[in-house]
Amino acid sequence: MSSRRPHSKSRRGCVACKARKVKCDEVRPSCGRCVRRKDNCYFKDTFYPCNAAVRATTPSSLSDTPITQDRDSPVQFPRSILDSPVTGPSGNELGWGGTFGFRDMELLHHYSTSTCLTLTNDKSQGSLWKLEIPQLAFSNPFLMHGLLAASACHIAHLRPDAAEHYINIAVYHHTSAITLYRPLLNDVSQGNCAPLVAFSAMLGFLSLAIPQTSLPQQDSSTATFLVQNIFDMFGLLRGVKTLLASAWEWIRDTPVAVLLSLPLDEEASSPLEPGAEATLNSLEARIHTEAESENMKAEYLEALKYFRKCYPCGDIENLHQGVPFAWPVIVSDSFYKVMMERRPIPMIMLGLWGVMLDKLHNVWWIGNQGQRLVEAVSELLPQGWEEPMKWAKMRVNSTEKSPHPSATAGEQS
């Protein structure tokens with residue numbers, strides 16, 4: 001009888017491999033599996049070394065914390081993040097596995113007292129973001145990372161003097177959340193479907209909040225970067241389709257089901273504002289004459305129909321913050337693919353989506369992203385396609401924009 005080859009079990013694998021429950025080769029800075037999957041790869045001890053000394057810091061010293069780069073870290077983080085582990089019973093009792101630092105307590109406090117009030121303008125969801133979702137986060141690290149990233153972005157917005165420090169923290173938590181979230185989309189269960197839905201509802205917010213508070217306003221690559229960031233955000237948002245396809249029977253009975261219910265114009269029958277109506281009619285005419293094929297014509301017309309359903313009509317005060325983010329989720333995979341190829345017709349719809357986003361310009365985590373997207377798409381369109389974007393550029397540069405009621409929500413830390 002042959003004897004089994006002895007082996008020892010290692011606990012030093014990367015976070016993504018542990019989440020997938022597969023063997024990690026532990027190669028740094030990125031293990032082989034993550035390189036092949038083109039995933040972000042990080043190891044817990046890169047950020048929270050077990051033997052690190054806990055260094056006490058006060059809120060007044062946050063903006064003075066120097067930024068350093070660990071040799072194994074894919075992005076730069078403040079040294080104080082690396083040196084503030086939570087270990088022992090207290091961390092495990094919270095269900096965090098000892099991977100969240102003392103600094104994160106500050107972020108969680110800010111989230112629960114301020115940031116949670118800015119994530120929606122739907123009063124029926126107020127307690128959901130303040131109570132139920134944080135409770136889910138205590139046993140789901142990816143969701144906790146998401147809440148802490150949101151809080152760090154909000155503090156960066158409120159404290160420009162310390163923005164760089166908090167943006168680095170936000171990027172770390174956002175990267176950690178996405179790394180843990182993606183594998184779970186292929187392993188949806190009754191136990192994790194609710195936190196997955198909660199995090200998917202945060203993806204638009206996080207994708208816009210981080211560049212909104214950190215990107216330079218003028219840069220030679222801004223147009224390309226902005227459009228690619230939107231494409232990446234759309235890709236993440238579309239993950240909710242996987243959740244709905246496999247777990248709706250479980251989701252509909254949970255408190256987070258309300259996050260998937262949006263006030264859309266299902267019949268697309270309400271007339272839009274005159275400029276928008278004329279622009280969409282003009283684009284529809286070009287689709288009939290210039291679509292690449294009959295199949296693509298049908299795809300474009302369907303995406304345009306969905307666009308009309310999502311385009312906000314009436315009083316801006318009644319505009320639900322989640323409505324603009326429905327359109328990139330419900331369009332077809334074929335349309336999403338050609339939009340990423342930057343074909344003119346879907347790119348124009350993307351630019352017009354920027355107008356939709358700009359209607360929420362006074363929401364702190366959106367700001368001028370809609371305006372910048374319109375300008376970026378206009379810059380990237382080939383010659384001969386400028387006409388449909390003229391109204392969009394005029395609309396987002398108008399001096400008569402209506403203030404949104406959530407403009408000042410949560411502005412006090």
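All of these numbers come straight from a predicted model, not from anything done at the bench.

Draft legend 1. Structural context of the overall build of the protein chain. A count of helical and extended segments in the protein chain gives 19 helices and 2 strands. Each of the 413 residues in the protein chain was classed as buried or not, and the buried ones make up 52%. Residue pairs in contact within the protein chain that sit at least 24 positions apart in sequence constitute 73% of those at least 6 positions apart. When the accessible surface of the protein chain is totalled, it reaches about 19,600 Å², and 51% of it is carbon and sulfur.

Draft legend 2. Local environment of helix α13 (residues 274–290). End to end, α13 covers 24 Å across 17 residues, agreeing with the expected 24 Å (1.5 Å per residue, within 8%). Its buried side turned inward, α13 meets α14 (294–310), α17 (344–358) and α19 (387–396).

Draft legend 3. Inspection of a nonpolar patch on the surface at higher detail. Where nonpolar side chains cluster on the molecular surface, the patch consists of Leu244, Trp248 and Leu260 and spans about 230 Å² of accessible area. Of note, leucine 244 is situated in helix α12 (residues 239–251).

Draft legend 4. Spatial organisation of the packing of aromatic side chains. Here the structure, examined in full by the defined rule, presents 13 aromatic pairs. Considering the side-chain rings of tyrosine 181 and phenylalanine 199, the 4.8 Å spacing of their centres and the 55° angle between planes classify their relative orientation as tilted. Within this pair, whereas tyrosine 181 is found in helix α9 (residues 163–184), its partner phenylalanine 199 is found in helix α10 (residues 193–214), the two being separated by 18 residues in sequence. The exposure classification of tyrosine 181 matches that of phenylalanine 199, with both residues buried. Summarising the aromatic geometry, the rings of tyrosine 300 and phenylalanine 335 are spaced 6.2 Å apart at their centres and angled 85° between planes, so their arrangement reads as edge-to-face. Taken together, the positions of tyrosine 300 in helix α14 and phenylalanine 335 in helix α16 (residues 333–340) put the pair 35 residues apart, joining distant regions of the chain. For phenylalanine 335, a relative accessible area of 0% puts it in the buried group. Members of the aromatic cluster, each reached through a chain of ring pairs, are Phe205, Phe234, Tyr300, Phe307, Tyr311, Phe325, Trp327, Phe335, Trp353, Trp364 and Trp365. Cation over ring: arginine 286 sits above tryptophan 385, and NZ or CZ is 3.8 Å from the ring centre.

Draft legend 5. Molecular detail of the pattern of salt bridges. Counted according to the given criterion, the structure contains 13 salt bridges. Of the charged contacts, one joins glutamate 273 and arginine 395 as a salt bridge, the two residues approaching to 3.1 Å between their closest N and O atoms. Of this pair, glutamate 273 sits in the loop between α12 and α13 while arginine 395 is found in helix α19, placing the two residues 122 residues apart along the sequence. Arginine 286 serves as the salt-bridge partner of glutamate 290, at 3.0 Å between the closest nitrogen and oxygen.

Draft legend 6. Expanded view of α14. Its 17 residues place the ends of α14 25 Å apart at the C-alpha level, agreeing with the 24 Å of an ideal helix rising 1.5 Å per residue. Among the residues of α14, those classed as buried are Met296, Lys297, Glu299, Tyr300, Ala303, Leu304, Tyr306, Phe307, Arg308, Lys309 and Cys310. On the buried face of α14, the contacting elements are α13, α15 (327–330), α16 and α17.

Draft legend 7. Main features of unusual backbone geometry. A positive phi angle is found at glutamate 26, which is not glycine, with a value near 65°. Mapped onto the elements, glutamate 26 comes out in the loop between α1 (15–20) and α2 (32–37). Looking at glutamate 26, the relative accessible area reads 24%, which means it is partly exposed. In the Ramachandran plot, arginine 342 falls in the positive-phi region, its phi being about 65° despite a non-glycine side chain.

Definitions and limits used
Residues numbered from 1 in each chain as written. Predicted model: local features only at pLDDT ≥ 70, side-chain atom pairs only at ≥ 80, totals over all residues. Heavy atoms only, no water. Helix = DSSP H or I, 4+ residues; strand = E, 2+ residues; numbered from the N terminus. Buried < 20%, exposed > 50% of the residue type's maximum accessible area, 1.4 Å probe, protein only. Contact = heavy atoms within 4.5 Å. Areas by Shrake-Rupley, 256 points an atom, 1.4 Å probe, with all protein chains shown as cover. Expected span 1.5 Å × (residues − 1). Patch = residues over 30% accessible without salt bridge, like charges linked within 9 Å, V, L, I, M, F, W, Y side chains within 5 Å. Salt bridge = Lys/Arg side-chain N within 4 Å of Asp/Glu carboxyl O. Phe/Tyr/Trp six-rings, centres within 6.5 Å; stacked < 30°, edge-to-face > 60°. Lys NZ or Arg CZ within 6 Å of the ring centre and 35° of its normal.

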